Amino acid sequence: NKKLKDVEISVPIVYGTIAFWLGKKATEYHSHKWTVYVRSATNEDLGAVIKRVVFQLHASFNNPTRIVDSPPFELSESGWGEFEIAISIFFHADVSDKQLDLLHHLRLYPEDDSSAPQSTKKPVVIESYDEIVFCEPSEVFFSRVQNH
Ligand code: SLL
């Protein structure tokens, strides 16, 4: 599996959370439902690059280490509080043997200065954009993701 010198592959991703307040269905410990995700920023199939995403949740959750082994690389939960989610991205063997570690802060509540009252219809979305760059990719990886 030869390496291609002078070639770089850039994989644009978006990662973040979307959170809905449960309104009348809210309870003390389950006031919101939320999803944390890693997505392609350009609608490509991330399964060609990513093998596994591990979401490390707050210790107050049951089984706080959540492993997702196929797209969509996302996880939905319900809870009551905001916290830092550690996101570890693992790549297929012919892509990279180094993992990528990201941090994302789950937000459930709208900004303090927002005049709008909390609504079950208007989620709180926080997203980050990143580009994962692979230098000297293997031929197999390159041929798998070009032409897309
Ligand atoms: C703190 N930021 O300072 C908070 C931690 C943890 C939220 C928030 C658990 C839900 C469940 C949940 O929402 N934890 O038990 O299923 O301590």
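The coordinates are above.
This write-up is about the structure you can find in this document. (Residues numbered from 1 in each chain as written. Predicted model: local features only at pLDDT ≥ 70, side-chain atom pairs only at ≥ 80, totals over all residues. Heavy atoms only, no water.)

1. Concerning the environment of proline 110
(1) Moving on: Along the chain, the position of proline 110 falls in the loop between strand 7 (100–105) and strand 8 (124–135).
(2) Moving on: Sequence separation between proline 110 and valine 124 is 14 residues; the distance between their C-alpha atoms is 6.1 Å. (Helix = DSSP H or I, 4+ residues; strand = E, 2+ residues; numbered from the N terminus.)

2. Remarks on the sheet that holds strand 6 (residues 84–91)
(1) Moving on: Overall, antiparallel pairing links the 4 strands, which are arranged 4-3-6-7 in an open sheet. In this open sheet, the two strands that pair with only one neighbour each are strand 4 (65–68) and strand 7. Ignoring strand direction, the axes of neighbouring strands in this sheet form an average angle of 20 degrees.
(2) Moving on: Pairing of strand 3 (residues 50–56) with strand 4 involves 4 bridges; the strand directions are antiparallel. (Pairing = 2+ DSSP bridges. Axes fitted to C-alpha atoms, helices over the stretch in contact; angles between N-to-C directions.)

3. Some remarks on the layout of surface pockets
In this approach the atoms are scanned with a rolling probe the size of a water molecule, which exposes any empty space left behind.
(1) Moving on: The space that makes up the largest pocket amounts to roughly 310 Å³.
(2) Moving on: What lines the largest pocket is a set of 18 residues, and nearest its centre among them are Val95, Ser96, Asp97, Phe134 and Cys135.
(3) Moving on: Ranked by residues supplied to the lining of the largest pocket, first place goes to strand 8 with 4 residues. (1 Å grid on protein atoms, 1.4 Å probe; cavity = no way out; pocket = protein on both sides within 12 Å on 5 of 7 lines; lining within 4 Å. Points joined across faces, edges and corners; volume = space filled by probe spheres on them.)

4. Considering the sheet that holds strand 5 (residues 73–79)
Strand pairing in a sheet relies on backbone hydrogen bonds. The paired strands run either parallel or antiparallel.
(1) Moving on: Here we have 4 strands laid out as an open sheet, ordered 5-2-1-8, and antiparallel in their pairing. Edge positions in the open sheet fall to strand 5 and strand 8, since each of these has one partner strand only. Each strand axis lies, on average, 15 degrees off the axis of its neighbour in the sheet, ignoring direction.
(2) Moving on: In this sheet, strand 5 lies alongside strand 2 (residues 32–40) in antiparallel orientation, the contact comprising 7 bridges. Counted as the bridge partner of tyrosine 37 is glutamate 74 from strand 5.

5. Some remarks on the pattern of salt bridges
(1) Moving on: Considering all chains together, one arrives at 7 salt bridges under this definition.
(2) Moving on: Lysine 5 is the salt-bridge partner of glutamate 136, the closest N and O atoms lying 3.3 Å from each other. Taken as a pair, glutamate 136 in the loop between strand 8 and helix 1 (139–145) and lysine 5 in the segment before strand 1 (8–21) lie far apart in primary sequence, 131 residues in all.
(3) Moving on: Among the residues examined, lysine 5 registers a relative accessible area of 56% and is labelled exposed.
(4) Moving on: With a shortest N-O distance of 3.9 Å, arginine 107 and glutamate 111 are connected by a salt bridge. (Salt bridge = Lys/Arg side-chain N within 4 Å of Asp/Glu carboxyl O. Buried < 20%, exposed > 50% of the residue type's maximum accessible area, 1.4 Å probe, protein only.)

6. A few points about the nonpolar core
(1) Moving on: Of all hydrophobic cores here, the largest spans 31 residues; its most connected members are Trp34, Val38, Phe55 and Ile87.
(2) Moving on: Looking at this core, the elements with two or more residues in it are strand 1, strand 2, strand 3, strand 5, strand 6 and strand 8.
(3) Moving on: Ranked by residue count, the leading element in this core is strand 1, at 5 residues. (Core = buried A, V, L, I, M, F, W, Y, C linked by side-chain atoms within 4.5 Å.)

7. Comments concerning the site of the ligand
(1) Moving on: As a structural note, the neighbourhood of the ligand is formed by His30, His58, Ser60, Phe61, Ser78, Gly79, Trp80, Gly81 and Glu82.
(2) Moving on: Within the side chain of serine 60, a nitrogen or oxygen atom sits 2.8 Å from a nitrogen atom of the ligand.
(3) Moving on: The separation between an oxygen atom of the ligand and a polar main-chain atom of tryptophan 80 is 2.9 Å.
(4) Moving on: When the ligand is considered free in solution it has 450 Å² of accessible area, and contact with the protein chains removes 68% of it.
(5) Moving on: Of the residues in the shell around the ligand, the class split is 2 nonpolar, 6 polar and 1 charged. (Near = heavy atom within 4 Å. Polar contact = N/O pair within 3.5 Å; in protein donor to acceptor, adjacent residues only side chain to side chain. Areas by Shrake-Rupley, 256 points an atom, 1.4 Å probe, with all protein chains shown as cover. Nonpolar A, V, L, I, M, F, W, Y, C, P; charged D, E, K, R; others polar.)

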